[in-house]
Amino acid sequence: MRLESPMRIFVEIMSEKIVIAIDGYSSCGKSTLAKDLARELNYIYIDSGAMYRAVTLYVLQKEIDVNDHEAVVAELPNIQIECIYNQEEDKMETLLNGKNVDEQIRSPWVSQNVSEVSIIKEVRAFLVEQQQRIGAEKGIAMDGRDIGTVVFKDAELKIFLTADIETRARRRYEEVQANGVAMSYEEVKHNLSHRDRIDSSREESPLFKADDALLFDNSILSRQEQLRLVLNMAKRRIEEAQKRTVKN
Ligand code: DC
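Residue indices follow the written sequence of each chain, beginning from 1 at its first position. Residues qualify for local features only when their pLDDT is at least 70, as the model is predicted, and side-chain atom pairs are given and counted only at 80 or more; totals for whole chains, interfaces and linings, by contrast, use all residues. Computation of side-chain values covers all heavy atoms of the structure but excludes hydrogens and water.

A.B. asks: Which residues make up the overall build of the chain, and what are the values?
C.D. replies: The helix and strand labels rest on DSSP assignments: H or I over at least four residues marks a helix, E over at least two residues marks a strand, and numbering proceeds from the N terminus. Tallying secondary structure elements over the chain gives 11 helices and 8 strands in all. Taking 248 residues into account, the globule formula puts the C-alpha radius of gyration at 18 Å, and the chain, at 19 Å, falls close to it. For the chain, the C-alpha atoms occupy an extent of roughly 60 × 40 × 40 Å along the three principal directions. The rule is simple: take the accessible area with a 1.4 Å probe, protein chains only, and divide by the maximum for that residue type; under 20% is buried, over 50% is exposed, in between is partly exposed. Within the chain, buried positions represent 49% of all 248 residues. The average position of the 35 basic charges and that of the 43 acidic charges among the side chains of the chain differ by 5 Å. Each radius of gyration reported is based on C-alpha atoms, and the globular scaling rule is 2.2 Å times the count of residues to the power 0.38. Positive charges come from Lys and Arg alone, negative charges from Asp and Glu alone, with His and the N- and C-terminal ends not counted. Charge coordinates come from a single atom per side chain, which is NZ of Lys, CZ of Arg, CG of Asp or CD of Glu.

The following block contains the structure:
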């Protein structure tokens, strides 16, 4: 059965899938936004940072020095990462060689070493290839540091998220407290600044805003306000993509 005109057009528009790339500094709420968008649009959600964290956890567990790049790279063939969406709990689960590592990858141990592992060219190539494969069919919201600049250069919607350092430190501090991690506010803030510095200044795929990314400061926005604004942008981009498809 064919639906009546306006409804049919609406369904067709919403069936056009796009790629949403969200980049930004640590603890800007990128994952929250990507997850909220994916839920609204029925898209896949991937937190690419979790993949870098999983590699870091593996390396640390093997007692390899994160600064010994050769040793880290030699382990890559032994690392298998899977990102699975747990519908019941509405969250992404990260499996490292078949084992759920969600809690461990958020530990201070991993947070303090992940930026060092992320500067390694081969680690990035290893993960970027997997991320591109996951997003090949579109219908994905992925967050990270190089999603709009490297992983999905042609993403239909690119957001560069930012918030002031005090807001970010407070958000992350509340998160670590809720998880029962013993870290002071100052330690949390220092870790964020440390990662910002390395992530933005590294040679390989540094964090920067793509020319065609929309800069979005969410310091004074609630989760709902942020979602409403970006969802409207996403819907506009979906309509544009649909028009291009119809034209061709
Ligand atoms: O998003 P996050 O804070 O969990 O990411 C952890 C680290 O992983 C971050 O400090 C830098 C690195 N990362 C990256 O280099 N590229 C990405 N696409 C995602 C994360």
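A.B. asks: Account for the packing of aromatic side chains, with residues named and values stated.
C.D. replies: Between the rings of Phe, Tyr and Trp (Trp by its six-membered ring), a pair exists once the centres lie within 6.5 Å; its type follows the angle of the planes, with under 30 degrees stacked, over 60 edge-to-face, and the other angles tilted. Tallying each qualifying case throughout the model produces 2 aromatic pairs. Seen from their ring centres, Tyr-25 and Phe-160 are 6.0 Å apart, and the 90° between their planes marks the pair as edge-to-face. Here Phe-160 lies in strand E7 (residues 157-162) and Tyr-25 lies in the loop between strand E1 (19-24) and helix H2 (30-41), a separation of 135 residues in the sequence. Consider the rings of Tyr-173 and Tyr-185, whose centres lie 5.9 Å apart with planes at 90°: the pair is edge-to-face. Highlighted residues: Tyr-173 in helix H9 (residues 165-178) and Tyr-185 in helix H10 (residues 185-201), separated in sequence by 12 residues.

A.B. asks: A description of unusual backbone geometry should follow, citing residues and the corresponding values.
C.D. replies: It is generally the case that most residues other than glycine have a negative phi and that most peptide bonds are trans. Even without a glycine there, the phi angle at Asn-42 is positive, about 60°. For Asn-42, the position within the fold is in the loop between H2 and strand E2 (44-47). You can call Asn-42 exposed: its relative accessible area is 66%. Located in the positive-phi region is Glu-63, a residue other than glycine, with phi close to 60°.

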